[in-house]
Structures are given as structure tokens and as C-alpha cells.
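So you can see what is in the structure, the chains are spelled out below.
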Amino acid sequence: MGSHVAEMFSQIDKLRDRLSSNIEVVSDAQGVEEQVGNREVVTRIESVILGIVASLSEDEVPVLVLPNRSSWANVGFDSAIGLQMSSGHTVTTIRSDCPSSVTKFAQILKLLSVIYRLVQSNSYATKRDIYYNNTQLFGSQRTVDNLVDDLSCMLKVPRRSLHVLATSKGLISGDLCYMEEDGTRIDCRSSSAAVAVSSNIGGIKNIVSSAKFVMIVEKDATFQRLLDEDFCTKLSPCIIITGKGVPDVNSRLMVRKLWDSLHIPTFALVDADPHGIEIMCIYKYGSVAMSFEAHSLTVPSVMWLGLLPSDLQRLRVPSDALIPLSKRDENKLHSLLTRPYIADQPEWQKEMELMQQSKVKAEIQSLAAIGSDFLTAIYLPNKLRYGGWI
């Protein structure tokens, strides 16, 4: 049994050794961002308010300046960090005397006052709490979500330092135990049920795991399939995590936390389509909207395990299980191929070009057309055993 396990993970161990040799260099380059203390957060908020008071005292129109978080022009690429906001980024000016921005000005001031009280009292609130305490002003939950990120970027403070928590949508399972900030011990080793990703990743401590690797699973349906087939036990020790599609910040923080704590290979299992590739890139390189927090959100060592476009040909996946690329898919694929990080991944680029040429995509579930248990019994074990990642 011992020799079988050693053979099973030999390629993964080699990958881990290779990644470990780069850890010191990468860590130096990333300079992982520490949580900003409460006093400093209070000082930065007071500085914003004093600026508004100063404008009023000089009979000037108060304005707020927010970094533009939606433009690729404001983002640079570093292979050791991912996408990060450049120092010369453009900004958006929120004026208090302009009909188109006065509501946003008021929303920001209200949110600053809420955060100020939370930080001073060392208490926490969820974004949902904030919205429901003033639904008339904010109008929608999405408004609060975006404003919290805007303020985090404006104040140059990690979002978790604002004492505003987001409800996590991600799930995690496998060989992992840790302690929450409130002292609750979390055990993810149950084979039948997953654990919700914490809403306060920064407070996690005492991580214990013998996992050989972490596997990010794009979809909840695939994640549940792996749970149902007892994947983590059969292929233990490992950890699987899903952000249920486009990942929330907590799922991304958790993947990064696992990398910082365990330094084990991280693989991505996504659909062989442009949407799946983009989700994988968010975990690996980050997103434009959250590029200001790239240091704590990206894991540039993420490897593409599957489903590869070349796998579709190699495994002769039945044609009726393949889906033609839509015009939207083609546009997304073209957009991905022009992004700065793809030039850093020639093997990924080849796979994406193959998809362009074949004009088809496939979901992970398409492997069931070969055999009902093909994914868990053959595909993933062989991929992991023989180093079938890129």
C-alpha cells in the first residue's frame, strides 16, 4: 500500500519540490500584505472626512476620488503576483454637487461612518447587514458590495481590515483542520458533507493537514460529485474547494491561505470552455476589479489539470457530448488570448488556440459519456499520477 501511494504521488512530489525551490523568491517579490491595524484605518477615514470639512470651510465643493477598478489600462502584470493596480492609475471623481453622483457621494459617506464605528468598537458586520440597515439609500446589495471594494481600494486597506464581512458561497472538503478566530475548531475531513468557506479567512489559525495537493473545482455540481464518490478518501490526502463558478473573495483568500500555509501544489479542474479558463485565471492571476489586493488573492503557482481541450481529442470524447462555441464564447476566447498573462503560459495558449480551431467546448460532465465513473476512477487518478497538468 505504501509503495502504491508513493507511486501515485511521485509526480506531485516532484512538482512540490520544484515549487518549494521558488517559494522564497516569490514570497520576497509578493511582500504579502499585512492586515492594517484599527488605529491606522480610523486615521485614514478621518483624513477623508477632514478633506471634506476643509472643502466646505473654504466654500468649495466636496469631492471624493476613487481609483478606477474597471479598466485594464490601470493594471500591470507581474508573473510572481498576477494582475496588480499600477501606480499611475486613473481615477473617478465623485462630486457632491452633481446630480449624477450626489447619491453615490452620500452612500460613501454613510458607509465610511458605518466602518468607522465598526473599527472603533472592534466589531464586525456583514455587507448584508449594512444593506438592510439602509435599503432606501443603497438601493441594492450589489451597490454595497461594490462600494466596500471601492473604499478598500481608496483607503489602501485590505477589505478584511474594514471589519466588513461577506457571506461565503464556497465549500471545502478534505484533509484539513483549522481554528476560526472565535476558537471554533473546523474539521473538513467528513466524506459526506463539505464545510462552508469561512467569512473571516484572516482569522484562521492552527492549520493542520497532510494533503499532497489542493484541487480547485469550478462547479458545485462537479464538487458534489467528487464528494458523493468519496474522492478525497480514495485519493487521500488532498483538499478540494469550489467557489461555485466565479469565485467570491473569501474562496480566493482561502486558496491563497492554503498555499501560504502548506506550500503544496494547487490544481484547477474547470470546464474546457472560455468561461472555465477565465475562472481558473482569476484564482491564478486575479481580476481587474480586485487588482489592488492582488498580493493576498492570487496563487500564481496554480496548474491547469483539466479539462484540457486536447483531452477531448486524446480521450475521443463522443461528439454529441461536445458543444459548438457561441459567438460570445469566441469573443471571450479572443479576449483571453490577448491578456498579458497568457504570453507567460505558452502551453495554456496552445490549448486555447486548439479550442479556437476545433470550435467546440465541453463541460467536465462530458466525461460521463465515456463512463459513469470515468472522472473519478480513471481521468483524475491518471492525471495526477502521470503529471497531466500544464
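Remember, it's a predicted structure, so these values are computed and weren't measured experimentally.

Rules and cut-offs
Residues numbered from 1 in each chain as written. Predicted model: local features only at pLDDT ≥ 70, side-chain atom pairs only at ≥ 80, totals over all residues. Heavy atoms only, no water. Salt bridge = Lys/Arg side-chain N within 4 Å of Asp/Glu carboxyl O. Buried < 20%, exposed > 50% of the residue type's maximum accessible area, 1.4 Å probe, protein only. Core = buried A, V, L, I, M, F, W, Y, C linked by side-chain atoms within 4.5 Å. Contact = heavy atoms within 4.5 Å. Pairing = 2+ DSSP bridges. Helix = DSSP H or I, 4+ residues; strand = E, 2+ residues; numbered from the N terminus. Axes fitted to C-alpha atoms, helices over the stretch in contact; angles between N-to-C directions. Expected span 1.5 Å × (residues − 1). Parallel < 35°, antiparallel > 145°, perpendicular 65-115°, else oblique. Nonpolar A, V, L, I, M, F, W, Y, C, P; charged D, E, K, R; others polar. Arc of directions from axis to C-beta. Polar contact = N/O pair within 3.5 Å; in protein donor to acceptor, adjacent residues only side chain to side chain. Left-handed = near helix turned anticlockwise from the far one by under 90°.

## A closer look at the pattern of salt bridges
Under the definition given, this model contains 19 salt bridges. With a shortest N-O distance of 2.7 Å, Asp 187 and Arg 189 are connected by a salt bridge. Residue class for Arg 189 comes out exposed when judged on its relative accessible area of 51%. Through salt bridges with shared partners, a single ionic network connects Arg 69, Lys 104 and Asp 150.

## A look at the nonpolar core
Counting 87 residues, the largest nonpolar core has Ile 172, Met 215 and Met 254 as the members making the most contacts within it. Dropping the residues within four chain positions of it, Met 215 is found in contact with Leu 226, Phe 231, Ile 239, Ile 240, Ile 241, Phe 267, Leu 269, Leu 305 and Leu 380. Among the nonpolar cores identified, the runner-up in size contains 30 residues, and Val 48, Ile 94, Val 114 and Leu 118 belong to it.

## Structural notes on the sheet that holds strand S8 (residues 177-179)
Backbone hydrogen bonds are what pair the strands of a sheet, in a parallel or an antiparallel way. Strands sit in the order S9-S8-S11 across an open sheet of 3 strands; the sheet is antiparallel. Two strands in the sheet have a free side with no partner beyond their single neighbour: strand S9 (185-187) and strand S11 (205-208). Looking at each pair of strands side by side, their axes are set apart by 10° on average, direction ignored. Of the strand pairs in this sheet, S8 and S11 are connected by 2 bridges, and their pairing is antiparallel. Looking at S11, one finds that Met 179 is bridged to Lys 205.

## Observations regarding helix H10 (residues 249-262)
Over its 14 residues, H10 extends 20 Å from the first C-alpha to the last, a length consistent with the 20 Å expected when each residue adds 1.5 Å. Most of H10 sits out of view: 11 of its 14 residues are buried. Within H10, burial applies to Val 249, Asn 250, Ser 251, Arg 252, Leu 253, Met 254, Val 255, Arg 256, Leu 258, Trp 259 and Leu 262. Note on H10: the residue one or two positions beyond its end, His 263, has a positive phi of about 50°.

## Looking at the packing of helix H4 (residues 102-121) against helix H7 (residues 141-155)
At a minimum axis separation of 10 Å, H4 and H7 run at an interaxial angle of 70°. By the angle between their axes, H4 is roughly perpendicular relative to H7. Here H4 contributes Lys 104, Gln 107, Ile 108, Leu 111, Leu 112 and Ile 115 to the contact with H7, which in turn contributes Thr 143, Leu 147, Val 148, Asp 150, Leu 151 and Leu 155. Taken together, the residues of the contact of H4 with H7 sort by class into 8 nonpolar, 2 polar and 2 charged.

## Quick look at the pairing of strand S3 (residues 82-85)
In terms of strand pairing, strand S2 (residues 75-78) meets S3 through 4 bridges, oriented antiparallel. The partner of Phe 77 across the bridge, within S3, is Leu 83. In textbook terms, the turn of a hairpin is the stretch between consecutive antiparallel strands, and for S2 and S3 this stretch comprises 3 residues.

## Structural notes on helix H14 (residues 327-337)
It helps to recall that an α-helix has 3.6 residues per turn; residues three or four apart then point in one direction. Among the residues of H14, Asp 329, Leu 333 and Leu 336 are the ones counted as buried. End-on, the buried residues of H14 take up no more than an arc of 60°, which puts them together on one face. More than 90 degrees from the buried face of H14, the exposed residues found are Lys 327, Arg 328 and His 334. Each element contacted by the buried residues of H14 is listed here: helix H11 (274-285), strand S16 (323-324), helix H15 (346-358) and strand S17 (360-361).

## Focus: the side chain of Glu 278
Topologically, Glu 278 is positioned in helix H11. For Glu 278, the side chain forms a polar contact with the side chain of Arg 339, separated by 2.8 Å. Those residues in contact with Glu 278, other than ones at most four positions away along the chain, are Lys 332, Leu 336 and Arg 339.

## A word on the packing of helix H3 (residues 38-57) against H4
The contact between H3 and H4 brings their axes to 10 Å, and the two run at 150°. Here H3 is positioned roughly antiparallel relative to H4, judged by the angle of their axes. In the crossing of H3 with H4, the sense of the turn from one axis to the other is left-handed. Together, Asn 38, Val 41, Val 42, Ile 45, Glu 46, Val 48, Ile 49 and Ile 52 of H3 and Phe 105, Leu 109, Leu 112, Ile 115, Tyr 116, Val 119 and Gln 120 of H4 make up the contact between the two elements. In terms of residue class, the contact of H3 with H4 is made up of 12 nonpolar, 2 polar and 1 charged.

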